[in-house]
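Coordinate inspection notes
One letter stands for each residue in the lines below.
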Amino acid sequence: MDHHIGPPDETCPFPEYSAPRFAGDMPIIAVMDNQPTLFERLERRLAESPEVVFVRAEFSELGDYRQVGKALRSAIKNGLICRVGYGVYVKTRPSVLTGAPVPEKTLVEIAFLALGKLGVRARLGKAAKEYAEGKTTQMPMATVLNVGKSRVRRHLSVGMQTVRYEREKAADRRIDS
């Protein structure tokens, strides 16, 4: 079997056309490596990680900023994670009631973990602390965290619930120390 290798012959009407190259009886084609896509690598990392809260910087070695952003949006669309704030994501599980994806942890737990990853030391707010210590029977309705002197402004929310921050006053710092 005679296979043409090289420049096109005179019968070819397209002079810029290069005939397919052959090796033996098989045409030489570019074989794609079966490397996982960025989304598949992100999906595997999420599945293998024991952590529940992630910041975007943890995925920076997977690709450039736009590619990672696209993969994160796909993961949100597929219900693997949900976005709770700028660059803060949390693993999800199906809701018992509706089957819709809901965060695996409560907003308070998510906030503590996320702020910890961002280098902010947070504690329960004054009202929640008093309720936990039994000083009051009034249950706090809002999620309030005391962030001390930190200037954190990160907006963290799940659904309609939002984390609020309170700052330490000078008098409070002397008492807690």
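Provided above is the structure to which this section pertains.
Residues numbered from 1 in each chain as written. Predicted model: local features only at pLDDT ≥ 70, side-chain atom pairs only at ≥ 80, totals over all residues. Heavy atoms only, no water.

1. A look at the pattern of salt bridges
Our working definition: We count a salt bridge whenever a side-chain nitrogen from Lys or Arg sits within 4 Å of a carboxyl oxygen from Asp or Glu. We count a stretch as a helix when DSSP gives it H or I for four or more residues in a row; a strand needs E for two or more, and each element gets its number in order from the N terminus. The cut-offs for exposure are 20% and 50% of the maximum accessible area for each residue type, with area from a 1.4 Å probe on protein chains only; residues under the lower value are buried, those over the upper are exposed, and the others partly exposed.
Counted according to the given criterion, the structure contains five salt bridges. Across the salt bridge formed by Glu61 and Arg45, the nearest N and O atoms sit 2.4 Å from each other. Of the two residues, Glu61 sits in the loop between strand E3 (53–55) and helix H2 (65–77) while Arg45 sits in helix H1 (residues 38–48), which places them 16 residues apart along the sequence. Judged by relative accessible area, Glu61 falls into the exposed class, the value being 52%. Each member of the salt-bridge network shares a partner with another, and the members are Glu51, Glu58 and Lys117.

2. Remarks on the pairing of strand E5 (residues 88–94)
Short version of the rule: Between any two strands, pairing holds if DSSP finds at least two bridges.
Among the seven residues in E5, five count as buried, and that is most of the element. Note that E3 and E5 share three bridges and pair antiparallel. Bridging from a neighbouring strand, Val53 pairs with Val90 of E5. Bridge analysis of strand E4 (residues 81–85) against E5 gives four bridges, and the strand direction is antiparallel. Note on E5: the bridge partner recorded for Arg83 is Tyr89. Between the end of E4 and the start of E5, which pair antiparallel, lie two residues, with Gly87 showing a positive phi angle near 75°.

3. Examining the environment of Ala100
Heads up, the rule is: Between two residues, a contact is recorded if the distance between any of their heavy atoms is within 4.5 Å.
Considering the arrangement of structural elements, one finds Ala100 in the loop between E5 and strand E6 (101–103). Residues Ala100 and Gly79, spaced 21 residues apart in sequence, show a C-alpha to C-alpha distance of 8.0 Å. Setting aside residues no more than four positions away along its own chain, Ala100 makes contact with Arg93, Pro94 and Ser95.

4. Quick look at the sheet that holds strand E7 (residues 123–124)
Ordered by their spatial adjacency, four strands build an open sheet running E7-E8-E10-E9, and the pairing between neighbours is mixed. With one partner strand each, in any of the chains shown, E7 and strand E9 (157–158) form the two edges of the open sheet. Summarising the sheet, E7 and strand E8 (residues 143–146) pair through two bridges and their orientation is antiparallel. Residue pairing for E8: Leu124 is matched across the bridge by Leu145.

5. With respect to the nonpolar core
Under the convention used in this document: Residues grouped as a nonpolar core are buried Ala, Val, Leu, Ile, Met, Phe, Trp, Tyr and Cys residues, joined through side-chain atoms within 4.5 Å.
By size, the foremost hydrophobic cluster in this structure holds 19 residues, and its most contacted members are Val84, Val88, Val90, Leu115 and Leu156. Elements represented by at least two residues in this core include exactly E3, E4, E5 and helix H3 (107–117). Ranked by residues supplied to this core, first place goes to H3 with five residues. Apart from residues no more than four positions distant in its own chain, Leu156 is found in contact with Val84, Gly85, Val88, Ala111, Ala114, Leu115, Gln161, Thr162, Val163 and Tyr165. Leu42, Val68, Leu72 and Ile81 belong to the second largest nonpolar core, which has twelve residues in total.

6. Some remarks on H2
Here is the rule: Helix span, expected: 1.5 Å multiplied by one less than the number of residues in the helix. By construction, the arc corresponds to the directions joining the helix axis to the C-beta atoms.
Between its terminal C-alpha atoms H2 stretches 18 Å, which fits the 18 Å expected from 13 residues at 1.5 Å a residue. Taken as a whole, H2 has its buried residues at Val68, Gly69, Ala71, Leu72 and Ala75. One side of H2 holds all its buried residues, which, seen down the axis, span an arc of 165°. Exposed residues lying more than 90 degrees from the buried face of H2 are Arg66, Lys70, Arg73 and Lys77. In this fold, the buried residues of H2 make contact with H1, E4 and E5.

7. Re the packing of aromatic side chains
Worth spelling out the cut-off: Pairing of aromatic rings covers Phe, Tyr and the six-membered ring of Trp, with a centre-to-centre limit of 6.5 Å; geometry is then stacked below 30 degrees between planes, edge-to-face above 60, and tilted otherwise. In this analysis the charged atom, NZ for Lys or CZ for Arg, is taken to sit over a ring once it is within 6 Å of the ring centre and within 35 degrees of the ring normal.
Taken as a whole and assessed by the stated rule, the structure comprises one aromatic pair. Between the aromatic rings of Phe54 and Phe59, the centroid separation amounts to 5.6 Å while the plane-to-plane angle is 40°, which identifies the pairing as tilted. Taking the relative accessible area as the measure of exposure, Phe54 reaches 2% and is therefore buried. Phe59 sits in the buried class, given a relative accessible area of 1%. Against the face of Tyr65 rests Arg56, its NZ or CZ located 3.8 Å from the ring centre.

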